[in-house]
Amino acid sequence: MSTVLQQLFNALALGGVYALVALGLTLVYGVMRVPNFAHGGLYMLGAYLTYAALTGLKVGYVPALILSALGVALLAALMERVIFHPLRNAPHVHPMIAAIGVLFFLEALISHPRVFGPDFKQIAEPLPGIVNLGGVTLTWQRLLIIAASVLVMLGLNYFLKRTLTGATIEAMSQNREGARLVGINTNRVGMLTFAISGALAAVAASLIAPINAVTPSMGEVMNLKVFAIIILGGMGSVPGAIVGAFLLAFTEVFGGFYISLDFADVIGFAMLVVVLALRPQGLFRKGT
């Protein structure tokens, strides 16, 4: 039982990270109808900005996380204005190709020897050590990931449901033209949505970075997983993104533990294929 609980907490921590990244991608798709393939690059950049703030500016972990989220949010908003806004009336394949180009550009930039280089980086755990909960041994970092991801998701829910700005985002996701006709600044909402998406990706990367190595290619792997998550949950559905994220995390963790770690990713994607074969529209219908 203690082993099962151990894996349960590992899955919760991994699912929290997946959920944050997937929520950002879901918001962009739900509001802008853009499958942002550059999202993994923003995730990767968030981890490197946290590393740079910790090693270069010598700030603490929390200030580094905040600086990373702000930096990536600004870059995401600029990306929407410079790249995606001019392509808003172009065929759907154009913004997709542009997003892939941005992903490769960010990877090449980070990999340049005069920037960070191709070698992996390691971020020290801000809360080193372990804690024993009823016979279950956990690291403080995983507990931090679970707590922080839940707080961020609750904060995002409050923002979307209880604030006027959040209501404009939901209105635009339901009907972009109708939102524009009632006076909502759709350009501003689009930039804000991209900024929130980038901030969520950066926070997720900063939380998981002390556990996993920081590499230029980490965004590609996350890209595949979060697109699988939002397809599994239902394109544009916020509840679907959360449920899909934890479902994939639980499948990977318990599948890797009981079968083989070498097949953890394969098991997760196999689960995706099975679910979509039974329910092609995903677990949830498109939601706000």
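Residues numbered from 1 in each chain as written. Predicted model: local features only at pLDDT ≥ 70, side-chain atom pairs only at ≥ 80, totals over all residues. Heavy atoms only, no water.

Draft legend 1. Quick look at the layout of surface pockets. Reported here for the largest pocket is a volume of approximately 460 Å³. Taken together, 19 residues make up the lining of the largest pocket; nearest its centre are Leu14, Tyr18, Ile208, Asn212 and Lys225. Elements that contribute at least two residues to the lining of the largest pocket include exactly helix 1 (2-32), helix 5 (140-162) and helix 9 (218-233). Element by element, the count of residues in the lining of the largest pocket is highest for helix 1, at 6 residues. The residue makeup of the lining of the largest pocket, split by class, is 13 nonpolar, 4 polar and 2 charged. There is about 290 Å³ of room inside the second largest pocket. Lining of the second largest pocket is provided by 18 residues; of these, Met32, Arg33, Val34, Arg88 and Arg176 occupy positions nearest its centre. Among the elements of the structure, helix 1, helix 3 (61-84) and helix 6 (164-174) are those that each provide at least two residues to the lining of the second largest pocket. (1 Å grid on protein atoms, 1.4 Å probe; cavity = no way out; pocket = protein on both sides within 12 Å on 5 of 7 lines; lining within 4 Å. Points joined across faces, edges and corners; volume = space filled by probe spheres on them. Helix = DSSP H or I, 4+ residues; strand = E, 2+ residues; numbered from the N terminus. Nonpolar A, V, L, I, M, F, W, Y, C, P; charged D, E, K, R; others polar.)

Draft legend 2. Just the UniProt feature "transmembrane region" (unreviewed entry) in the chain, in detail. This chain's UniProt record puts "transmembrane region" (unreviewed entry) on residues 12-31, 61-79, 91-110, 143-160, 191-214, 226-250 and 256-278. Taken end to end, residues 91-110 is 90% helix and 0% strand, and its two terminal C-alpha atoms sit 30 Å from one another. The span residues 143-160 shows a helical share of 100% and a strand share of 0%, and its end C-alpha atoms are spaced 26 Å apart. (UniProt positions renumbered as here; feature names shortened; annotations may be inferred.)

Draft legend 3. Spatial organisation of a nonpolar patch on the surface. A cluster of nonpolar side chains, Val4, Phe257, Tyr258 and Ile259, forms an exposed patch at the surface whose accessible area comes to about 400 Å². In this fold, Val4 is placed in helix 1. (Patch = residues over 30% accessible without salt bridge, like charges linked within 9 Å, V, L, I, M, F, W, Y side chains within 5 Å. Areas by Shrake-Rupley, 256 points an atom, 1.4 Å probe, with all protein chains shown as cover. Salt bridge = Lys/Arg side-chain N within 4 Å of Asp/Glu carboxyl O.)

Draft legend 4. Seen up close, the side chain of Thr50. Position of Thr50 relative to the elements: it lies in helix 2 (residues 39-55). The buried category is assigned to Thr50, whose relative accessible area is 0%. Among all residues touching Thr50, those that are not within four sequence positions of it are Ala64, Leu65, Ser68, Ile123 and Ser206. (Buried < 20%, exposed > 50% of the residue type's maximum accessible area, 1.4 Å probe, protein only. Contact = heavy atoms within 4.5 Å.)

Draft legend 5. Just unusual backbone geometry, in detail. The backbone phi angle of Arg33 is positive, close to 60°, even though this residue is not glycine. By the element assignment, Arg33 lies in the loop between helix 1 and helix 2. Given a relative accessible area of 37%, Arg33 falls into the partly exposed group. Notably, Lys58 is not glycine yet its phi reads approximately 60°, a positive angle. Along the chain, the position of Lys58 falls in the loop between helix 2 and helix 3. By relative accessible area, Lys58 is classed as exposed at 65%.

Draft legend 6. Structural context of the pairing of strand 2 (residues 136-139). As paired strands, strand 1 (residues 130-133) and strand 2 are joined by 4 bridges and run antiparallel to one another. By the bridge assignment for strand 2, Ile130 is matched with Thr139. Hairpin connection of strand 1 to strand 2: 2 residues between the antiparallel strands, including Gly134 at a positive phi of 60°. (Pairing = 2+ DSSP bridges.)

Draft legend 7. Molecular detail of helix 1. In a regular helix each residue adds 1.5 Å, so 31 residues correspond to 45 Å; helix 1 covers 45 Å between its end C-alpha atoms and thus fits that length. One or two steps after helix 1, the chain reaches Arg33, where phi turns positive at roughly 60°. (Expected span 1.5 Å × (residues − 1).)

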